[in-house]
Structure formats: structure tokens, C-alpha cells
Amino acid sequence: MSSMSRARVARRIAAGAAYGGGGIGLVGAATVGLVLAEVQLAKRQVGNGDSPYPPSPEGLYGWGPSRSPEAGSGHTAPDGPSLRLTMLGDSTAVGQGVRRYRQTPGALLASGLAAVAERPVELRVVAVPGAQSDDLDRQVALALEDQDRIPDVCVIMIGANDVTHRMPPTRSVRHLSTAVRRLRTAGAEVVVGTCPDLGTIEPVQQPLRWLARRASRQLAAAQTIGVVEQGGRTVSLGDLLGPEFAANPRELFGPDNYHPSAEGYATAAMAVLPTVCATLGLWPAEEERPDVSRREGFLPVARAAAEAASEAGTEVTAAMPTGPRGPWALLKRRRRRRLPTPEAEPAPATESTA
């Protein structure tokens, strides 16, 4: 599907989500029986993504010599008050498939954010494996339950289970948009890692591989429109995980051949980290200006969403008020910075193995 065609589909899905429509499907009805048969076969081959639940990474990251794990969440030390980072979404946000808390995306992002900000970061994870977008209402309520401790930034990774469970994309985007609006209204910055490319799951064969890739990218583009319209930012995970996972399946997929490995999560976290930092004003000012040499610039939001769905680590954020062609967005391809070495990071204050 071309970028322009994907933009039109994404615009229709997002409009349906905003105005209550629900009849727009990701694949034609004639293919549903074939897709379901292929899905069941793929699930048997990959074990349906079953793997040990990862240890909890929740706790405090980046404390200095004057800080100890016993200091507790929110403790103020000479290096400044802690930033609050909350992870929402599905198994990708949890880090299912790895066995060490340092390898989860939450721990990687908290470590990276603490290093860039030179401040401690308090990490909370309300994401759960298997979640679909309709679980975000419950997760947002948990994230905002303490009005005195609203997150500074929330990272949401969601969408894969919506595709595999055939949730109507308009419904999926509606739930995500509502979640972003609630978080932004409460004062939290929001970064959404859009739906990954399900066409890269190794045992999946044609025609499901093509259909899964198409559905994933359509949903990712529609998610981007919904998120940007509510004041959030998105980072494309689809094409990031696609070519790199396809080229290095043994390195970037975990033991279940379904979830990312530690290296895969590190690749995704490295792509999301610059945007997380930018939302908090922590990224170099010169990188906030569009770089024409990297094909960055201002585009109608639907077109920006479609391009982002097809390219690794591409960020989309609102740029200017609605014009004749609808709202506009800034598309950026940020340079990734190396994440801190997990082994050098102390254990979080509330480490758990449950």
C-alpha cells in the first residue's frame, strides 16, 4: 500500500474513532477465515508468546552517591527531585520475554532518561501482557490515582493484540485517544510507541504475513493521527522492528520467537528515548529544528502518520493549527543515543521478581 493510500485509510479510521464510527475493518471479510486459520497455526508454532513474566523494574533509577535504595520514591537529593515515568500498554511495554529487570524497556528508558536529565527517575509500570486498547482506561486510572504524584511522562506501547484479536481499528484508536487526552489533561507528557509490524513474527507465512503487515501499519498510522490530535507524540515501532527483526531474528526475537529479546527491547527503547527526553525539554535545542538532510519537515498529519508507519523510529508531533488540508505535524527522524549499560545501573528501589 502506498503512503498516500495509507494516509487516506488512517484518516478515515481516525475520523471514525472521533465521531463514533466502527465499521471500518483492517482486512476484507472474505479473508477472515483464512487469517484465523493462519493465526491459530502461528500461535501454535510460537507458543502464543508464552514466556515467564519478567521481574518488575519498578523503582528509582539514577541516584547519586548521596542516594540509597532505601531513600524511597520521590525523595529529594542534591541531584534534584525525581522525574516520574510510567509505562502503559501490553507485553511490549512490560518487557515480556526477558528474565532480568534491567532488560525491560521500562528499566532501559528510566536509566537513559536519568542519564540525560542528570536526575533520578521513578519508574512505575501499569502495563499488562495481553492488554488491548480497551484496557487503557483502567491503566490510566491507576497511573493517575495519586493526584499529588502525576507522572511527568507516560510511555504507551499498544496495538498488536488489537490486530490479532480483530478489534475494530476505530474502537482501538478511540480508546488510545481517550487515554492520551486524560493523561495530557492531568499534566503528563505522552509518548506512544505505535503498533509493531506483526508481519515479522518468524513462523508466520503468507498470506498472513502480508495481511498482518498491512493491518499493523494501517493501525499505526491511525494511532498516530489520534495521538497527535490529543497532544501526544508517537514513535513508529513497526518499521523499526520489521527490517531489523527480519534481518536478525535470532538476535532480536526472544526464546518464544514472538516477543523481542533483550537486544530487541534495547533497540526499541533506543528509538523511543530521544522523544521521551524531548517532551521534557531535555534534548539538544539544535535537534528540535527540522533537518532537511534527514527528510524532516512539516506535513499534513495523515501524511506524516503514513510515512512514520513505514520508517524506523520516526517521531510525529503536532506542529500548527488546522489548515485547509487539516492539522499539520512535524515529522522527525531523531538520532539515537546509546543507552547506559544496564549492568552499570543499580537495582531499582522496589525490585521484585514476581
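The residue numbering used here restarts from 1 in each chain and proceeds along that chain's sequence as written. In keeping with the predicted nature of the model, local features appear solely for residues at pLDDT of at least 70, side-chain atom pairs appear and are counted solely at 80 or more, and the whole-chain, interface and lining totals rest on all residues. Side-chain metrics rest on all non-hydrogen atoms present in the structure, leaving aside hydrogens and water.

Some thoughts on the overall build of the protein chain
The helix and strand tally for the protein chain stands at 12 helices and nine strands. Split into buried and exposed, the 354 residues of the protein chain put 54% on the buried side. The contact criterion used is simple: two residues touch if any of their non-hydrogen atoms lie within 4.5 Å. Counting contacts in the protein chain only where the partners sit at least 6 residues apart, residues at least 24 apart contribute 79% of the total. For the protein chain, the accessible surface area stands at approximately 14,400 Å², while carbon and sulfur atoms represent 52% of it. For helices the rule is a DSSP run of H or I covering at least 4 residues; for strands it is a run of E covering at least 2, with both sets numbered from the N terminus onward. Each residue is assigned to one of three classes by its accessible area relative to the maximum for its type, calculated with a 1.4 Å probe on protein chains only: buried under 20%, partly exposed between the two thresholds, exposed over 50%. Under the convention used here, a 1.4 Å probe and the Shrake-Rupley method define accessible areas, while residue burial counts only the protein chains that appear.

Some details on the confidence of the model for the protein chain
You can read pLDDT as the predictor saying how much it trusts each residue, on a scale of 0 to 100. Here the protein chain averages 75 in pLDDT, while 63% of its residues score no lower than 70. Predicted confidence is poor over residues 40-51, with pLDDT under 50, and the contacts of this stretch with residues over four places away or in other chains come to 17 contacts. A low-confidence stretch, residues 342-347 stays under pLDDT 50, and its non-local contacts, those more than four residues away or across chains, total 15 contacts.

A few points about the nonpolar core
Inside soluble globular proteins, nonpolar side chains tend to come together where they are buried. Buried Ala, Val, Leu, Ile, Met, Phe, Trp, Tyr and Cys residues that are joined via side-chain atoms within 4.5 Å together make up what is termed a nonpolar core. In terms of nonpolar packing, the biggest core is built from 34 residues, with Leu-85, Met-87, Leu-109, Leu-113, Val-155 and Val-272 touching the most fellow members. Counting only elements with at least two residues in this core, the list comes to strand S2 (83-89), helix H3 (91-94), helix H4 (105-117), strand S3 (121-125), strand S4 (153-157) and helix H11 (262-279). Broken down by element, the residue count for this core peaks at eight residues, all from H11.

Comments concerning helix H12 (residues 301-308)
Because each turn of an α-helix spans 3.6 residues, side chains separated by three or four positions end up pointing in the same direction. Of all eight residues in H12, six are buried; the element is thus mostly enclosed. Taken residue by residue, H12 has Val-301, Ala-302, Ala-304, Ala-305, Ala-306 and Ala-308 as its buried positions.

Structural notes on the packing of H4 against H11
At a minimum axis separation of 9 Å, H4 and H11 run at an interaxial angle of 40°. Judged on the interaxial angle alone, H11 and H4 are oblique. For H4 against H11, the interelement crossing comes out right-handed. In this structure, H4 uses Pro-105, Leu-108, Leu-109, Gly-112, Leu-113 and Val-116 to contact H11, whose residues at the interface are Tyr-265, Ala-266, Ala-269, Val-272, Leu-273, Val-276 and Cys-277. An axis is simply a line fitted to the C-alpha atoms; with a helix, the fit covers only the stretch in contact. Between two such axes, the angle follows the N-to-C directions and lies from 0 to 180 degrees. Orientation is classified from the angle alone, with under 35 degrees giving roughly parallel, over 145 giving roughly antiparallel, 65 to 115 giving roughly perpendicular, and any other angle giving oblique. Definitions for this section: a left-handed crossing has its near helix turned counterclockwise from the far helix by less than a right angle. A right-handed crossing has that turn clockwise.

Observations regarding the side chain of Thr-314
Structurally, Thr-314 is set in the loop between H12 and strand S8 (315-323). When neighbours within four sequence positions are excluded, Thr-314 is seen to be in contact with Thr-234, Val-235, Ser-236, Ala-308, Leu-331, Lys-332 and Arg-333.

Comments concerning the side chain of Glu-122
As for its position among the elements, Glu-122 is in strand S3. Judged by its relative accessible area of 13%, Glu-122 is buried. Polar contact criterion, stated in full: a pair of N or O atoms within 3.5 Å, where within protein one must be able to donate a hydrogen and the other to accept it, and residues adjacent in sequence count only if both atoms are side-chain atoms. There is a polar contact of 2.5 Å between the side chain of Glu-122 and the side chain of Arg-149.

Some points on the pairing of S4
For S4, the tally of buried residues reaches five of five residues, placing the bulk of the element in the interior. Sheet analysis places S2 next to S4, joined by five bridges and oriented parallel. Each bridged residue has a counterpart across the sheet, and for Met-87 the counterpart in S4 is Val-155. The pairing criterion for strands is at least two bridges between them, as found by DSSP. Pairing analysis gives five bridges linking S4 to strand S5 (residues 189-193), with the strands arranged parallel. Among the inter-strand pairings, Val-155 is bridged to a residue of S5, identified as Val-191.

Here we look at helix H5 (residues 136-143)
If you check which residues of H5 are buried, you get Leu-136, Gln-139, Val-140 and Ala-143. When H5 is viewed along its axis, its buried side chains cluster within an angular range of 100° and face the same direction. In the core, the buried residues of H5 are packed alongside S2, S3, S4 and helix H7 (169-186). Here the arc refers to the directions that run from the helix axis out to each C-beta atom.

Section: the pattern of salt bridges
Whenever Lys or Arg places a side-chain nitrogen within 4 Å of a carboxyl oxygen from Asp or Glu, that contact is recorded as a salt bridge. Throughout the structure, instances matching the rule amount to 11 salt bridges. Between Arg-233 and Glu-315 there is a salt bridge; the shortest N-O distance is 3.2 Å. Residue Arg-233 is found in strand S6 (residues 233-235), and its partner Glu-315 is found in strand S8; the two are separated by 82 residues along the sequence. Since its relative accessible area comes to 17%, Arg-233 is described here as buried. Residue class for Glu-315 comes out buried when judged on its relative accessible area of 1%. Ionic contacts of the salt-bridge type, sharing partners, join the residues Arg-84, Glu-122 and Arg-149 into one network.

Description of the environment of Ala-215
Assignment of secondary structure puts Ala-215 in helix H8 (residues 208-229). By relative accessible area, Ala-215 is classed as buried at 4%. Between the C-alpha atoms of Ala-215 and Val-163, which are 52 residues apart in sequence, the distance is 6.9 Å.

Describing unusual backbone geometry
Even without glycine at this site, Glu-118 takes up a positive phi of about 55°. Positionally, Glu-118 belongs in the loop between H4 and S3. Judged by its relative accessible area of 63%, Glu-118 falls in the exposed class. Not every positive phi belongs to a glycine, and Arg-166 is a case in point at roughly 60°. Within the element layout of this structure, Arg-166 appears in the loop between helix H6 (160-164) and H7.

A short note on the packing of H5 against H7
Where H5 meets H7, the axes come as close as 9 Å, and the angle between the chain directions of the two elements is 10°. Overall, the two elements H5 and H7 adopt an arrangement that is roughly parallel. Note on packing geometry: the crossing formed by H5 with H7 is right-handed. Mapping the contact onto sequence places Leu-136, Asp-137, Val-140 and Ala-141 in H5 and His-175, Leu-176, Ala-179, Arg-182 and Leu-183 in H7.

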